[in-house]
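Residue-level structure breakdown
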Number of protein chains: 2
Amino acid sequence: MIYVVGIGPGSKDMMTLEAIKTMENADVIVGYKTYINLITEFIRDKEVVSNGMRQEIDRCKRAVEIAKEGKNVAVISSGDAGIYGMAGLILELTSKEETEVPVKVVPGVTASIGAAAILGAPIMHDFCHISLSDLLTPWEVIEKRLRLAAEADFVVCLYNPRSKGRSEHLAKAFEIMGEFKDGSIPVGIVKDVGREKEEKFVCTFDTMDFERVDMTTMVIIGNKSTFIDGDKIITPRGYTV
Amino acid sequence: MIYVVGIGPGSKDMMTLEAIKTMENADVIVGYKTYINLITEFIRDKEVVSNGMRQEIDRCKRAVEIAKEGKNVAVISSGDAGIYGMAGLILELTSKEETEVPVKVVPGVTASIGAAAILGAPIMHDFCHISLSDLLTPWEVIEKRLRLAAEADFVVCLYNPRSKGRSEHLAKAFEIMGEFKDGSIPVGIVKDVGREKEEKFVCTFDTMDFERVDMTTMVIIGNKSTFIDGDKIITPRGYTV
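It should be emphasised that the depicted structure is a prediction, and the values quoted were computed from it without experimental measurement.

Comments concerning the relation of the copies chain B and chain A
Overlaying chain B on chain A yields an RMSD of 0.0 Å, the required transformation being a rotation through 180° with an accompanying axial translation of 0.0 Å. Viewed as a symmetry operation, the transformation between the two copies matches a two-fold axis. Both copies present the same face, since 100% of the interface residues in chain B are matched by interface residues at the equivalent positions in chain A.

Looking at the UniProt feature "domain: Tetrapyrrole methylase" (unreviewed entry) in chain A
Sequence positions flagged by UniProt for "domain: Tetrapyrrole methylase" (unreviewed entry) are, in local numbering, residues 1–207 of chain A. For residues 1–207 of chain A, the helix share is 32%, the strand share is 23%, and the end-to-end C-alpha distance is 49 Å.

What about the interface of chain B and chain A?
Counting from both sides, the interface comprises 67 residues of chain B and, opposite them, 67 residues of chain A. For the pairing of chain B and chain A, the buried interface totals around 6200 Å² over both sides, and the portion due to carbon and sulfur atoms is 64%. Where chain B meets chain A, there are six salt bridges. Across the side of chain B that touches chain A, the residue classes tally to 35 nonpolar, 16 polar and 16 charged.

Looking at the sheet that holds strand β3 (residues 47–51) of chain B
Strand-to-strand pairing in sheets goes through backbone hydrogen bonds, with the strands running parallel or antiparallel. Residue and element names in this part refer to chain B. The strand order β3-β2-β4-β1-β5 describes an open sheet built from five strands, whose pairing is parallel. In this open sheet, the two edge strands, each paired with only one partner strand, are β3 and β5 (103–106). Here the strands of the sheet are splayed against their neighbours by 20° on average, with no regard to which way each runs. Two elements, strand β1 (residues 2–6) and β5, share four bridges in a ladder whose sense is parallel. Looking across to β5, one finds that V5 is bridged to V106. The sheet strands contacting helix α3 (residues 56–68) are β1, β2 (28–32), β3 and β4 (73–77), and the helix crosses β2 at an angle near 170°.

Some thoughts on unusual backbone geometry
The phi dihedral of A:R44 is positive, around 45°, even though this residue is not glycine. Checked against the element boundaries, A:R44 lands in the loop between α2 (33–36) and β3 (47–51). Judged by relative accessible area, which is 66%, A:R44 ranks as exposed. The phi angle at B:N160 is positive, at roughly 45°, despite the residue not being glycine. Tracing the sequence through the fold places B:N160 in the loop between β8 (155–159) and α7 (169–177). Judged by its relative accessible area of 21%, B:N160 is partly exposed.

Brief notes about the sheet that holds strand β5 (residues 103–106) of chain A
All names here are of chain A. One open sheet holds the five strands; their spatial order is β3-β2-β4-β1-β5, and the pairing between them is parallel. Since the sheet does not close on itself, it has two edges, and those belong to β3 and β5, each with one partner. Strand-to-strand twist of the sheet, defined as the mean angle between neighbouring strand axes without regard to direction, takes the value 20°. Pairing geometry for strand β2 (residues 28–32) and strand β4 (residues 73–77), over three bridges, is parallel. Residue pairing for β4: I29 is matched across the bridge by A74.

Overview of the environment of A:G194
All names here are of chain A. By secondary structure assignment, the location of G194 is in the loop between β9 (186–191) and β10 (199–204). C-alpha of G194 to C-alpha of R237: the two residues are 43 residues apart in sequence and 26 Å apart in space. Leave out the neighbours within four places in its chain, and G194 touches G10, S11 and M14.

What to know about the packing of aromatic side chains
All names here are of chain B. Counted under the stated rule, the structure contains nine aromatic pairs over all chains. Summarising the aromatic geometry, the rings of Y84 and Y159 are spaced 5.0 Å apart at their centres and angled 55° between planes, so their arrangement reads as tilted. On the criterion of sequence distance, the pair formed by Y84 in the loop between β4 and α4 (87–95) and Y159 in strand β8 is long-range, its members being 75 residues apart. Both residues of the pair, Y84 and Y159, count as buried.

Criteria and thresholds
Residues numbered from 1 in each chain as written. Chains lettered and ligands numbered in written order. Predicted model: local features only at pLDDT ≥ 70, side-chain atom pairs only at ≥ 80, totals over all residues. Heavy atoms only, no water. Least-squares fit on C-alpha atoms with pLDDT ≥ 70 in both. Contact = heavy atoms within 4.5 Å. UniProt positions renumbered as here; feature names shortened; annotations may be inferred. Helix = DSSP H or I, 4+ residues; strand = E, 2+ residues; numbered from the N terminus. Buried area = accessible area lost by both parts, 1.4 Å probe. Salt bridge = Lys/Arg side-chain N within 4 Å of Asp/Glu carboxyl O. Nonpolar A, V, L, I, M, F, W, Y, C, P; charged D, E, K, R; others polar. Pairing = 2+ DSSP bridges. Axes fitted to C-alpha atoms, helices over the stretch in contact; angles between N-to-C directions. Buried < 20%, exposed > 50% of the residue type's maximum accessible area, 1.4 Å probe, protein only. Phe/Tyr/Trp six-rings, centres within 6.5 Å; stacked < 30°, edge-to-face > 60°.

Here it is as structure tokens:
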């Protein structure tokens, strides 16, 4: 049996009871080494299979092999396993197996939810998630989604906003959304949600500082009603208060 | 101090450690009575303030008053408190107070994430949340978002998809999205995520049965790459497997 476990943004406090129990009961834990370091207390004397970034396919194939030996495998994914995480890859691999390998996805708190809680209530109304990584998605598709999401006045949460290899994507994304997003719209930036070095910044669309952003940062852009109150960002649901 | 606590879809297993600790440490628990019934084990001899549907403003105002008396108040919200939950309303109310009332949002697993885990991995790629409730949002805004989200090929998660008072909204939403969503696109329906009567159905865009859906149902519509494997819905991230 394979459990694909969303461990939340990083701290134990943001893990669900089911995620903790699943890791405790697993025979083998499989994960990207950075995430394995976040859950050392659940590992103790367990067998661990870990490797580096961009080795997801190998890692997940290994998990499937171990499960076929009859062991309970917990595949660790940061945030929620079903949101840009390992759940899809595991299910794609097991769907190709001749014998059935049962899979259970254990949900978790994704980065946008963790970041939103720190910022206040920016995603209180309709919102979308867009990943700016074009490793697996053509950049034209990303551009189209950015433009239409801004036109629809969604609150926009950007995943994988900026890496060393493609530092210009974020500025380009803002340029595209700028056709519909006003300069005064609040923007929230949260780095390392739930981890030791957590930091937050509140600014507006036209005072955005792209240099503050790296791969472990969540960027949330408000809608036309979003406002800033002190260090908080609030998107009204529509109540008259 | 006010803690706005996302308790997840319903079961204790899907609560975070922080949500549980916060409820245990609170002096007073405030919430919609249906949700209070989901957390009776954390209440025991605590003071509870609960009321019915559409009385959110009264409930949150009461929470603010109690916090001003110096008590620790946990305001309960199903799913995540920052997604169509109570976090925004509490922050809107406290922003109007002359003396500062500290607020902390405790994140939780929202319904789309809980439903997605049950369905497999439907929200593995860019997705959006749209609420079909026009109680607080003009229907034209909802229509515009549905059309642009479908055009952008987002996976679409519908919140508040159908109530007795507006049973036709869901069919209308499908009609609008049908301009861009192909009839063969997978649709997942999950009722009462994480609760006793949980049920799931997998169908396609053109075999959708609107009668299966009520207010406690999550409807997830795939993108152009989403496929069905047995009873699971999978949206590929883009890996070549």
